[in-house]
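Observations on chain architecture
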Amino acid sequence: MLRNRISLVGLSLMVAVLAGCQNTPSADHGSDLTEAELGRLLFFDANLSHNRKQSCATCHNPAEGFVDTRRDENGEIRPVSLGTDEHSLGTRNAPTVTYAAFAPDFHWGRHARFNSQQPDYEGYVGGQFHDGRAKDLAEQAGGPPLNPVEMQMPGKGFVVERLQENPLYVQAFQRFYGTDIFEQPAQAFTAMTRAIEAFEKTPEVSPFDSKYDRVLRGEAEFSFKERSGKALFFSQQFTNCATCHQARPNGHVRETFTNFEYHNIGVPPNPALTLEAPDPGLLANPAVDDPAHRGKFKVPTLRNVAVTGPYMHNGVFKDLRTVIEFYDHFLMGSQHTQNPETHQAWSKPAVPQTLAETELKDGRKLKPIQVEQLVCFLRTLTDQRYEHLIEENGIQCADPD
């Protein structure tokens, strides 16, 4: 019901925001909005950036898996996002917003792993961003508007001034958060992040309606390749996928395909990015000061992974098959000795000192057909609204007629 309400009640309002109309939609609609609908409007509102050209949806486009699919001058998706000034570049790939609501708050914890022969995990878990520096969705939503590369607003007060330009926002904020909410800019800014969080928690962002979910509900059937890929994915003997990409017992209908752990999986530098030093990963989180966590990044959800490339925190890989072959090359005797995108030997890890060798060397080497089967299974994790975005890239997953 909420999903339908957002799409029907809020549609005309969202169109007005996308059109860049500073004082639209009108305040007449303020009493009709839910907090999630308000958050949706804010998510799309480019007026909250310095030059009024960039919104949350610019880098997390709901029509494209909630990632940034803007192209460069060569027609390629950039590995990192442009800022609102249209020339500044970030240093990390924008992760999908889908299913981010299921990440626990950032904390130190211990948990068992499902479908894995690995011991219990003890370490940092959860949070938002690749390094977990935002403990939850609301805190994450407050980051981009103030980021000097992204939306480039100089302070919370300036963001709140932009909010007050819109009579609808004024009415809705006062209704949800108190009539005096704008008297304290910091509180109004926090209220904005809470509204965006409410939107990101809706079924519109996390619908659980992929083919994988439909199969579990008895509404669809896997093809042979998809079924084989699923068996490989969850196998304790053949792959190590489930060690990090399973949070619930096998077959759970709300599996997020990440246990929100942090690991250094040996991602090589991206030559397209000019960084002064290797990305410190988890060590960039202000709550973390142990060098043993340098180069570790949060395990991402595999929901919508088939349509949310490029991959890894630095966007170094373009194709999903490349990612699987990259994992496989750590295993003794792997035949995947070259990066299929560069046709050269795999580059060395950016941060070799903290490499997760135990996890990376767990499992058996894969044959090319098994790589294809895993790709086919991962494609079934695509939300129904994005299935048309899947590119076959030479891999046929359907059963032959």
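**Some remarks on the packing of helix 3 (residues 35-44) against helix 8 (residues 167-177)**
A pair of packed helices can be characterised by two numbers: the angle between their axes and the separation between those axes. Between helix 3 and helix 8, the least distance of the axes is 11 Å, while the angle of their chain directions is 140°. Taken as axis vectors, helix 3 and helix 8 run oblique relative to one another. The hand of the helix 3/helix 8 crossing is left-handed. Of the residues in helix 8, those in contact with Glu35, Leu38, Leu41 and Leu42 of helix 3 are Leu168, Tyr169, Ala172, Phe173, Phe176 and Tyr177.

**Comments concerning the environment of Gln373**
Tracing the sequence through the fold places Gln373 in helix 15 (residues 368-379). When the C-alpha atoms of Gln373 and Ser228 are compared, they prove to be 6.0 Å apart, with 145 residues separating the residues in sequence.

**Observations concerning the packing of aromatic side chains**
Under the counting rule described, the total for this entry stands at 26 aromatic pairs. Ring centres 6.0 Å apart and planes at 55° place the aromatic pair Phe176 and Tyr177 in the tilted group. Given the relative accessible area of 28%, Phe176 is considered partly exposed. When its relative accessible area of 14% is taken as the criterion, Tyr177 is described as buried. Centroid distance Tyr212 to Phe257: 5.2 Å. Interplanar angle 75°. Geometry classified as edge-to-face. Here Phe257 lies in the loop between helix 12 (241-244) and strand 3 (262-263) and Tyr212 lies in helix 10 (residues 211-216), a separation of 45 residues in the sequence.

**Examining the confidence of the model for the protein**
Overall, the predicted model of the protein reaches an average pLDDT of 92, with 92% of residues at or above 70. Across residues 1-27, where pLDDT falls below 50, the model places 52 contacts with residues more than four positions away in sequence or in other chains.

**Some words on the pairing of strand 2 (residues 121-125)**
Side-chain direction in a regular strand flips from residue to residue, so the side chains alternate between the two faces of the sheet. Among the five residues in strand 2, four count as buried, and that is most of the element. By the bridge criterion, five bridges tie strand 1 (residues 107-111) to strand 2 in an arrangement that is antiparallel. Within strand 2, the position partnered with Gly109 by the bridge is Gly123.

**Examining the state of the cysteines**
Taken as a whole and assessed by the stated rule, the structure comprises one disulfide. A sulfur-sulfur separation of 2.1 Å characterises the disulfide bridge that pairs Cys376 with Cys397. Classification of the bridge connecting Cys376 and Cys397 rests on its S-S torsion, roughly -85°, and on that basis the disulfide is left-handed. Taken together, the residues Cys376 in helix 15 and Cys397 in the segment after helix 15 connect sequence positions 21 residues apart.

**Remarks on the pattern of salt bridges**
Tallying each qualifying case throughout the model produces 18 salt bridges. For Arg40, the salt bridge goes to Glu204, with nearest N and O atoms at 2.5 Å. Note that Arg40 is positioned in helix 3 and Glu204 in the loop between helix 9 (185-200) and helix 10, a separation of 164 residues in sequence. The same class applies to Arg40 as to Glu204, namely buried. Taking the shortest distance from any N to any O, the salt bridge between Glu165 and Arg52 comes out at 3.0 Å.

**Some remarks on helix 7 (residues 156-164)**
Those residues of helix 7 that fall on the buried side of the exposure criterion are Val159, Val160, Arg162 and Leu163. Projected down its long axis, helix 7 carries its buried residues within an arc of 155°, all on one side. Elements that come into contact with the buried residues of helix 7 comprise helix 3, helix 6 (143-146), helix 8 and helix 9.

**Observations regarding the environment of Gly39**
Within the secondary structure, Gly39 is located in helix 3. Of the residues examined, Gly39 reaches a relative accessible area of 0% and is grouped as buried. Spatially, the C-alpha atoms of Gly39 and Arg194 are 7.8 Å apart, while their sequence positions differ by 155 residues. Setting aside chain neighbours within four positions, we find Gly39 in contact with Ala195, Ile196 and Phe199.

What counts, and where the lines are drawn
- Residues numbered from 1 in each chain as written.
- Predicted model: local features only at pLDDT ≥ 70, side-chain atom pairs only at ≥ 80, totals over all residues.
- Heavy atoms only, no water.
- Axes fitted to C-alpha atoms, helices over the stretch in contact; angles between N-to-C directions.
- Helix = DSSP H or I, 4+ residues; strand = E, 2+ residues; numbered from the N terminus.
- Parallel < 35°, antiparallel > 145°, perpendicular 65-115°, else oblique.
- Left-handed = near helix turned anticlockwise from the far one by under 90°.
- Contact = heavy atoms within 4.5 Å.
- Phe/Tyr/Trp six-rings, centres within 6.5 Å; stacked < 30°, edge-to-face > 60°.
- Buried < 20%, exposed > 50% of the residue type's maximum accessible area, 1.4 Å probe, protein only.
- pLDDT = per-residue confidence, 0-100.
- Pairing = 2+ DSSP bridges.
- Disulfide = S-S within 2.5 Å.
- Salt bridge = Lys/Arg side-chain N within 4 Å of Asp/Glu carboxyl O.
- Arc of directions from axis to C-beta.

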